[in-house]
Amino acid sequence: MLSFPSTLWPTIAVPGQDVLTTPGTLVLVAAVVVISVFLYLEDPPITRRTILSLVPWMIAASALPILAVIADYPPSVRPLIDSSGAYLSTYLILGIAWFAMMELSVRQQSREILSDYLGSMGIGLATILITLVVLQGEPASIDQLGWSLLILFGTAIFAVAVVFVLGFWYVDAPTYTGAVGMLAVFGQTLDAVARSAGIGVFEIGSHSVLSWQMVNLVATVQPTASQADQFISWSMTYIWIKIAFGVLTVIFIAQYSKEHPQRGYLLLGIVAALGITAGMTNLLMIAIGGLP
Amino acid sequence: MTSDNHRADGGTPRPQQSKMAISFMIGSLVGLWLAMPAVRPFFQNQLTGHLDAVGRTLAIGVLLMVIVTLGMVVLFQLFMFMDR
């Protein structure tokens, strides 16, 4: 039984509401499957540099759900850029761009530098979308903007330190995952910290399935604790579980990356993308003082 | 003979700055297209809000021409993306 006061948990989204069911989103899913098949058949080289070049695309995907709310999109288009639709739409554009570049590239060796062009394209996309979110969203206060930046840089430094220290016990982790491993830990940590700060401190944002389970767990274990104690218990449990997930992923995939580096980097990239997109959405919402 | 972005030993070529810039521009245009409902009121209210109807139409027309021209340059460069 949930006992948290509603003032501390203002915008709880019940998991399961975000289901892709409109005709437009079904077409989007079909297009994503088709472009994935084309990419698989092209077999693009996936290196650490490739995954790092996709980070701007992850950031761009995080801005779209906010624009879907604050801008006046037609109702038929909104599901395509809202929540899960934003991730799929961004992936579709990325896939089309990547596929087109590979088709236009004659020399096999040129494929290895396509990630640089993809990264540059992603930076252009993310710059425009983030700028528009800030312009349209009317940043709340310099404090909230400062907190967003502090969380961003704090978690980045933390992730680098975690993977570095992990190397003392398990040298394969930094050796076979490198910056991509750090990115995975960073993504998961960013998601946890930004979501906790957003919901608990700024009363902004919504729960993921996992964080909702943590709310229920804390409410079961500490039914009579105060609001503040319950928040601290929930946020600490949630943050540490996410960090542990990131670190364990790096440890297990480091082993796998020895044999199959391409697949290993891709898996780590997916873990990083899931964290970074959700975390950046929460950070942007904190920066603009929430959604109307 | 090798072009400037190809190493003489036939190894991995270096990325060209011009192609990086074009990629950035394509990304920006895609971003503007994706966020058009957010861009339109920004231009209408904040950039051209002090103009009358004729001035606003002219300003938006010039802006559209710039965007179309940039788009054509980008498309042309896109076709030049293939290696020479």
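Residues numbered from 1 in each chain as written. Chains lettered and ligands numbered in written order. Predicted model: local features only at pLDDT ≥ 70, side-chain atom pairs only at ≥ 80, totals over all residues.

**Things to note about the overall build of chain B**
So, point 1. A count of helical and extended segments in chain B gives three helices and zero strands.
So, point 2. Of the regular secondary structure in chain B, the N- to C-terminal order runs α-α-α.
So, point 3. Counting all 84 residues of chain B, 13% fall into the buried class. (Helix = DSSP H or I, 4+ residues; strand = E, 2+ residues; numbered from the N terminus. Buried ≥ 20, exposed ≤ 12 C-beta atoms within 10 Å, placed from the backbone.)

**Re the overall build of chain A**
So, point 1. Counting its regular elements, chain A contains 11 helices and zero strands.
So, point 2. Overall, chain A shows an N-to-C arrangement of helices and strands of α-α-α-α-α-α-α-α-α-α-α.
So, point 3. Taking 292 residues into account, the globule formula puts the C-alpha radius of gyration at 19 Å, and chain A, at 20 Å, falls close to it.
So, point 4. With respect to the principal axes defined by its C-alpha atoms, chain A has extents near 65 × 55 × 35 Å.
So, point 5. Out of the 292 residues in chain A, the part that is buried amounts to 45%.
So, point 6. Put simply, 80% of the contacts in chain A that link residues at least 6 apart link residues at least 24 apart. (Rg over C-alpha atoms; globule rule 2.2 N^0.38 Å. Contact = placed C-beta atoms within 7 Å.)

**Points about the packing of helix 10 (residues 227-259) of chain A against helix 11 (residues 261-287) of chain A**
Residue and element names in this part refer to chain A.
So, point 1. Packing of helix 10 against helix 11 leaves a shortest axis separation of 8 Å and a crossing angle of 165 degrees. Here helix 11 runs roughly antiparallel to helix 10, going by the angle between their axes. The chirality of how helix 10 crosses helix 11 is right-handed. Where helix 10 abuts helix 11, its residues Gly246, Thr249, Ile253, Tyr256 and Ser257 lie against Pro261, Gly264, Tyr265, Leu267, Leu268 and Val271.
So, point 2. Here the residues of the contact of helix 10 with helix 11 sort into seven nonpolar, four polar and no charged. (Axes fitted to C-alpha atoms, helices over the stretch in contact; angles between N-to-C directions. Parallel < 35°, antiparallel > 145°, perpendicular 65-115°, else oblique. Left-handed = near helix turned anticlockwise from the far one by under 90°. Nonpolar A, V, L, I, M, F, W, Y, C, P; charged D, E, K, R; others polar.)

**Details of unusual backbone geometry**
So, point 1. At Asp43 of chain A, a residue that is not glycine, the phi angle is positive and equals roughly 50 degrees.
So, point 2. Within the secondary structure, Asp43 of chain A is located in the loop between helix 1 (23-42) and helix 2 (48-53).

**Here's the deal with the interface of chain B and chain A**
So, point 1. Each side of the interface is counted separately: chain B has 22 residues, and chain A has 28 residues.
So, point 2. For the side of chain B that touches chain A, the elements supplying multiple residues, two or more each, are helix 1 (17-34) and helix 2 (36-47) of chain B.
So, point 3. For the side of chain B that touches chain A, the element with the most residues is helix 1 of chain B, which contributes 11 residues.
So, point 4. Here the side of chain B that touches chain A is built from residues that sort into 15 nonpolar, five polar and two charged.

**Side note on helix 1 of chain A**
Turn by turn, an α-helix covers 3.6 residues, leaving residues three or four places apart pointing in a common direction.
All names here are of chain A.
So, point 1. Between its first and last C-alpha, helix 1 extends 29 Å over 20 residues, near the 28 Å set by a 1.5 Å rise per residue.
So, point 2. Of all 20 residues in helix 1, one are buried; the element is thus mostly exposed.
So, point 3. Of the residues trailing helix 1, Asp43 is marked for its positive phi of about 50 degrees. (Expected span 1.5 Å × (residues − 1).)

**Thoughts on the environment of Ala68 of chain A**
Residue and element names in this part refer to chain A.
So, point 1. Counting through the fold element by element, Ala68 comes out in helix 3 (residues 55-70).
So, point 2. Separated by 143 residues in sequence, Ala68 and Ser211 have C-alpha atoms that sit 24 Å apart.
So, point 3. Not counting residues within four places of it along the chain, the set of residues in contact with Ala68 comprises Tyr73, Arg78, Ile81 and Asp82.

**Brief notes about the packing of helix 8 (residues 172-201) of chain A against helix 11 of chain A**
Residues and elements named next belong to chain A.
So, point 1. At a minimum axis distance of 7 Å, the contact between helix 8 and helix 11 shows a crossing angle of 30 degrees. Compared by their axis directions, helix 8 and helix 11 come out roughly parallel. As for how helix 8 packs across helix 11, the hand of that crossing is left-handed.
So, point 2. Partitioned by chemical class, the residues of the contact of helix 8 with helix 11 number 17 nonpolar, nine polar and two charged.

**Quick word on the confidence of the model for chain A**
So, point 1. With 90% of its residues at a pLDDT of 70 or more, chain A has an overall mean of 83.
So, point 2. Taken as a whole, residues 1-17 of chain A scores under 50 in pLDDT and shows 24 contacts with residues more than four places along the chain or in a different chain. (pLDDT = per-residue confidence, 0-100.)

**Section: the nonpolar core**
Residue and element names in this part refer to chain A.
So, point 1. Counting residues in each nonpolar core, the largest one holds 88 residues, and the members touching the most others are Ala63, Leu67 and Leu129.
So, point 2. With 13 residues, the single largest contributor to this core is helix 8.
So, point 3. Residue contacts for Ala63: discarding those within four places in its chain leaves Leu129, Ile130, Val133 and Leu284. (Core = buried A, V, L, I, M, F, W, Y, C linked by C-beta atoms within 7 Å.)

**Structural notes on the environment of Thr90 of chain A**
So, point 1. Within the element layout of this structure, Thr90 of chain A appears in helix 5 (residues 84-104).
So, point 2. Apart from residues lying up to four places away in sequence, Thr90 of chain A is in contact with Trp57, Ala60, Ala61 and Leu64 of chain A.

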